[in-house]
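Examination of the molecular architecture
Residues per chain are reported as follows:
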Amino acid sequence: MIKVTNVSKSFEKEAVVNQLSMHVKKGSIYGLLGSNGAGKTTLMKMLAGLYKPDSGSVVIDSQEVFENVPLKERVIFLPDTLYFFHQATIEQMATFYRRTYPRWNEKRYQQLKQVFDIDTSRKIHRLSKGMQRQVAFWLVFSSMPDILILDEPIDGLDAVMRGKIKNILVQEVAERNMTVLISSHNLREVEDLCDHVGIMHRGQLLIERDLDDLKSDVHKIQVAISEEKEEGFLSELTVLHKERRGSILISIVKGEPSKVEKYVKTWNSPVFDILPLTLEEIFVYEMGDHGYAIENILIQ
Ligand SMILES: Nc1ncnc2c1ncn2[C@@H]1O[C@H](COP(=O)(O)OP(=O)(O)OP(=O)(O)O)[C@@H](O)[C@H]1O
């Protein structure tokens, strides 16, 4: 559905996105994670057709996105800094969306009043930050996009509203096969939402995987191994991080679980646990593997 091939973008001769390729399947919820300044927003703006790539291609359903008006009517980008017309009420803004997005669904707009429950005659700039975000989602969901690109979308929303919006997103994906690309630093929030993740660092995609596959590939293992034997023990494993707590060695390793387990068992450790990682832990250790310092992070 979304295919990015060898895309680069520079600002003032500095490469912000560098020869990046990615693939987002139709109907998936793709979490775009990454360090600050990694280039996520820049990439999203290219996907939404707002920036022209310096080189490479951004294609949706086999068509280039940039300056493709019919395609852009099906793709909505919700930026981290919201933009509404000066002094506009919710209703006036809805009128703009009605004209801009031919697939606007009036029934849905009216139905969503029950979820968002804000008087549509109110001026948006006088609403709270979280309420403005609710309005943005209200308008976006009523516009029935095929592809929704969300940059830090849940900032400022209360927990109940976050839950409601996540439910609508999941429903839209299940019922209409909408595709969602979501960038967030709140990994706990996106963990239960995404089925695919891409991790970006310094303009490149470090990994792009099915989240379940990724989780089954990285583990936290705890074993009782002496300091003298530690090097030998770890030498056969792909280690992303290690920490010692007295006689217990805690390490984050990559690999097929059955193979890791079989290998660790050959060391006859009296203590042996193999545990899955959270998305937050996977992110931190993958980044560490690519030189993003994690020395001071304690494993829970
Ligand atoms: N319009 C612009 N002009 C010049 N430099 C820019 C512009 N937009 C982004 N950059 C630079 O590109 C780099 C990547 O920015 P971008 O906003 O894409 O990162 P990000 O991954 O979204 O970061 P964060 O997670 O901190 O929001 C930064 O160094 C930023 O200063």
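The rules behind the values
- Residues numbered from 1 in each chain as written.
- Predicted model: local features only at pLDDT ≥ 70, side-chain atom pairs only at ≥ 80, totals over all residues.
- Helix = DSSP H or I, 4+ residues; strand = E, 2+ residues; numbered from the N terminus.
- Buried ≥ 20, exposed ≤ 12 C-beta atoms within 10 Å, placed from the backbone.
- Contact = placed C-beta atoms within 7 Å.
- Pairing = 2+ DSSP bridges.
- Axes fitted to C-alpha atoms, helices over the stretch in contact; angles between N-to-C directions.
- Domains from an automatic or database assignment.
- Nonpolar A, V, L, I, M, F, W, Y, C, P; charged D, E, K, R; others polar.
- Core = buried A, V, L, I, M, F, W, Y, C linked by C-beta atoms within 7 Å.
- Near = placed C-beta within 6 Å.
- Parallel < 35°, antiparallel > 145°, perpendicular 65-115°, else oblique.
- Left-handed = near helix turned anticlockwise from the far one by under 90°.

- As recorded in an unreviewed UniProt entry, the protein goes by the name ABC transporter ATP-binding protein, listed as coming from Mangrovibacillus cuniculi.

**With respect to the overall build of the protein**
- What the protein contains, in helices and strands, is twelve helices and 14 strands.
- Dimensions of the protein, computed from the C-alpha atoms along their principal axes, are close to 70 × 40 × 35 Å.
- Expressed as a percentage of its 300 residues, the buried residues of the protein come to 33%.
- Here the analysis covers contacts within the protein between residues at least 6 apart in sequence; of these, 70% occur between residues at least 24 apart.

**A few points about the sheet that holds strand β9 (residues 196–201)**
- Pairing in this open sheet of six strands is mixed, and the strands run β6-β7-β8-β3-β9-β10 from one edge to the other. Whereas interior strands pair on both sides, the edge strands pair on one side only; in this sheet they are β6 (75–78) and β10 (204–210). Geometrically, the sheet is characterised by an average inter-axis angle of 15° between neighbouring strands, direction not taken into account.

**Examining the environment of Ile29**
- One can find Ile29 in strand β3 (residues 29–34).
- Since 24 C-beta atoms lie within 10 Å of it, Ile29 is described here as buried.
- C-alpha of Ile29 to C-alpha of Val190: the two residues are 161 residues apart in sequence and 9.4 Å apart in space.

**Examining the domain arrangement of the protein**
- The domain architecture assigned to the protein consists of domain 1 (2–202) and domain 2 (214–296).
- In this structure, domain 1 and domain 2 have C-alpha centres spaced 36 Å apart.
- With eight residues of domain 1 at the interface, the matching set in domain 2 holds nine residues.
- For the side of domain 1 that touches domain 2, the elements supplying multiple residues, two or more each, are α8 (187–191) and β9.
- Here the side of domain 1 that touches domain 2 is composed, by residue class, of four nonpolar, two polar and two charged.

**Considerations on the nonpolar core**
- Ranked by size, the top nonpolar core spans 72 residues in total, and within it Leu47, Ile149, Val180, Leu181 and Ile182 carry the most contacts.
- Looking at which domains feed residues into this core, each of domain 1 (2–202) and domain 2 (214–296) supplies at least three.
- Contact partners of Ile182, with chain neighbours within four places excluded, come to Ile29, Gly31, Leu32, Leu150, Pro153, Val190 and Cys194.

**Observations concerning the site of the ligand**
- In the region of the ligand, the neighbouring residues are Phe11, Glu12, Val16, Gly34, Asn36, Gly37, Ala38, Gly39, Lys40, Thr41 and Thr42.
- The element best represented in the shell around the ligand is helix α1 (residues 40–47), accounting for three residues.
- A class-by-class count of the residues in the shell around the ligand yields three nonpolar, six polar and two charged.

**A few points about the packing of helix α3 (residues 90–100) against helix α6 (residues 129–142)**
- The N-to-C vectors of α3 and α6 enclose an angle of 30°; their axes lie 10 Å apart at closest approach. Taken together, the axis directions place α3 and α6 in an arrangement best described as roughly parallel. When you trace α3 past α6, the crossing you get is right-handed. Judged by residue contacts, Ile90, Met93, Ala94 and Tyr97 of α3 engage Val135, Leu139 and Ser142 from α6.
- Its residues placed into classes, the contact of α3 with α6 shows six nonpolar, one polar and no charged.

**As for the pairing of strand β12 (residues 238–245)**
- Relative to strand β13 (residues 248–254), β12 is paired through seven bridges, and the arrangement is antiparallel. Looking at the pairing, Glu243 lines up with Ile250 of β13.
- Counted along the chain from β12 to the antiparallel partner β13, the turn is two residues long, and its residue Gly246 has a positive phi close to 60°.

**Focus: the environment of Ala174**
- Here Ala174 lies in helix α7 (residues 159–176).
- Exposure remark for Ala174: the 10 C-beta atoms within 10 Å place this residue in the exposed category.
- With 108 residues separating them along the chain, Ala174 and Phe66 place their C-alpha atoms 28 Å apart.

**Remarks on the sheet that holds strand β11 (residues 218–224)**
- Taken in spatial order, the four strands line up as β12-β13-β11-β14 in an open sheet, and their pairing is antiparallel. Every interior strand has two partners, whereas the edge strands, β12 and β14 (272–276), have only one. Neighbour-to-neighbour, the strand axes of the sheet open up by a mean angle of 20°, direction not taken into account.
- Bridge count between β11 and β13: seven bridges; the pairing is antiparallel. Each residue of the ladder has a partner; that of His219, found in β13, is Val253.
- Relative to the sheet, helix α11 (residues 257–265) contacts β11, β13 and β14, its axis offset from that of β11 by approximately 10°.

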